[in-house]
Amino acid sequence: MASANLNIMIKAARKAGRSLVKDFREVENLQVSVKGAGDFVSRADHEAERIIKEELRGARPTYGWVGEETGSEAGEDPTRRWLVDPLDGTTNFLHGLPHWAVSIALEHKREIVAAVIFDPAKDELFSAEKGDGAFLNDTRLRVSGRRTMIESIFATGVPFGGARDLPATLRDLARLMPQTAGVRRWGSAALDMAYVAAGRFDGYWERGIKPWDIAAGILLVKEAGGFVEAIDPAQSAVDSGALIAANAQLFDGFARLIRET
Ligand code: LIP
């Protein structure tokens, strides 16, 4: 039975998703335009965040806010804040690739307690509440049961545009690729984490990631029986900007390998 907060989050994600699907159809037409879809996608991203913010802050006006497009705002309630990426997988969206999501997380006393990741293009809504399990639509999720790296596939984000984490990520790939069934770079951290929770990916890691990209995914993976830690275990997974997620059998070996960098 979803809580009132989770129902509010689902309503906001679905409303923003409807707006994004309409804009996504327009983006597909813009691919051939000289100006391209850049400014249009930025407007779509901001409109989605406006919709989510209106819904969430209308229902819970005292909660704090952290949004990718509008930044941070403290709330009267210092213990609760929303962490929102209105369009995770922006570059996919811009190029007309149907792999992007709305990601909403609720944090209470520095712990993620409710999560929604909605993929409107595939009509897949991933949700979780602390202690109540993780779900894809109405189906309960469990992480994969694979026990060896060589049969497992891992997702990640490969830095682009001169991002500083490229050397470390290339070292990760050089160590990981020979020992696995493969690596996937699908361009949405939120969906990468949701797919670990669903057992589609056996693990995920990424460096240089933002709290709003992965906050909801952290709870989904944990509630599906997986493990999530910052690459630097002294840091919090949400704020570290670099994290590892995997099923219980693979986590220690996978973490050891990534932490060798
Ligand atoms: C994206 C992440 C992805 C990462 C990209 C980008 P955005 O988030 O989901 O995993 O590799 O660099 O940060 O920018 O689409 O919200």
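Everything here concerns the structure above.
Please read these numbers as outputs of a predicted model, since none were measured by experiment. (Residues numbered from 1 in each chain as written. Predicted model: local features only at pLDDT ≥ 70, side-chain atom pairs only at ≥ 80, totals over all residues. Heavy atoms only, no water.)

Topic: the pattern of salt bridges
This structure, assessed with the given rule, holds 21 salt bridges. With a shortest N-O distance of 2.7 Å, Arg-259 and Glu-229 are connected by a salt bridge. Taken together, the positions of Arg-259 in the segment after helix 8 (248–258) and Glu-229 in strand 12 (residues 227–230) put the pair 30 residues apart, joining distant regions of the chain. A relative accessible area of 30% places Arg-259 in the partly exposed class. The partly exposed category is assigned to Glu-229, whose relative accessible area is 31%. By sharing partners, the salt bridges in this structure join Arg-81, Glu-107, Arg-110 and Asp-239 into a single network. (Salt bridge = Lys/Arg side-chain N within 4 Å of Asp/Glu carboxyl O. Helix = DSSP H or I, 4+ residues; strand = E, 2+ residues; numbered from the N terminus. Buried < 20%, exposed > 50% of the residue type's maximum accessible area, 1.4 Å probe, protein only.)

Details of the nonpolar core
Core analysis: the largest hydrophobic core is formed by 40 residues, its most contacted members being Ile-117, Phe-126, Met-193, Tyr-204 and Leu-243. When residues are assigned to domains, this core turns out to be shared by domain 1 (4–140) and domain 2 (149–259), each giving three or more. The contacts of Leu-243, once residues within four sequence positions are left out, are Met-193, Tyr-204, Trp-205, Glu-206, Ile-209, Ile-214, Ile-218, Val-228, Glu-229, Ala-230, Ile-231 and Ala-237. Counting residues in hydrophobic clusters, the runner-up holds 33 residues, among them Trp-65, Ile-104, Ala-114 and Val-116. (Core = buried A, V, L, I, M, F, W, Y, C linked by side-chain atoms within 4.5 Å. Domains from an automatic or database assignment. Contact = heavy atoms within 4.5 Å.)

With respect to unusual backbone geometry
Positive phi, normally seen in glycine, also occurs at Lys-109, with a value near 50°. The topology assignment puts Lys-109 in the loop between strand 4 (101–108) and strand 5 (111–119).

Regarding the environment of Leu-83
Its location among the elements puts Leu-83 in strand 3 (residues 80–88). Residue classification places Leu-83 among the buried positions, given a relative accessible area of 1%. When the C-alpha positions of Leu-83 and Glu-107 are compared, they lie 7.4 Å apart, and in sequence the two are 24 residues distant. When residues no more than four places from it in sequence are discounted, the contact partners of Leu-83 are Val-66, Ser-103, Ile-104, Ala-105, Glu-107, Ile-112, Pro-211 and Ala-215.

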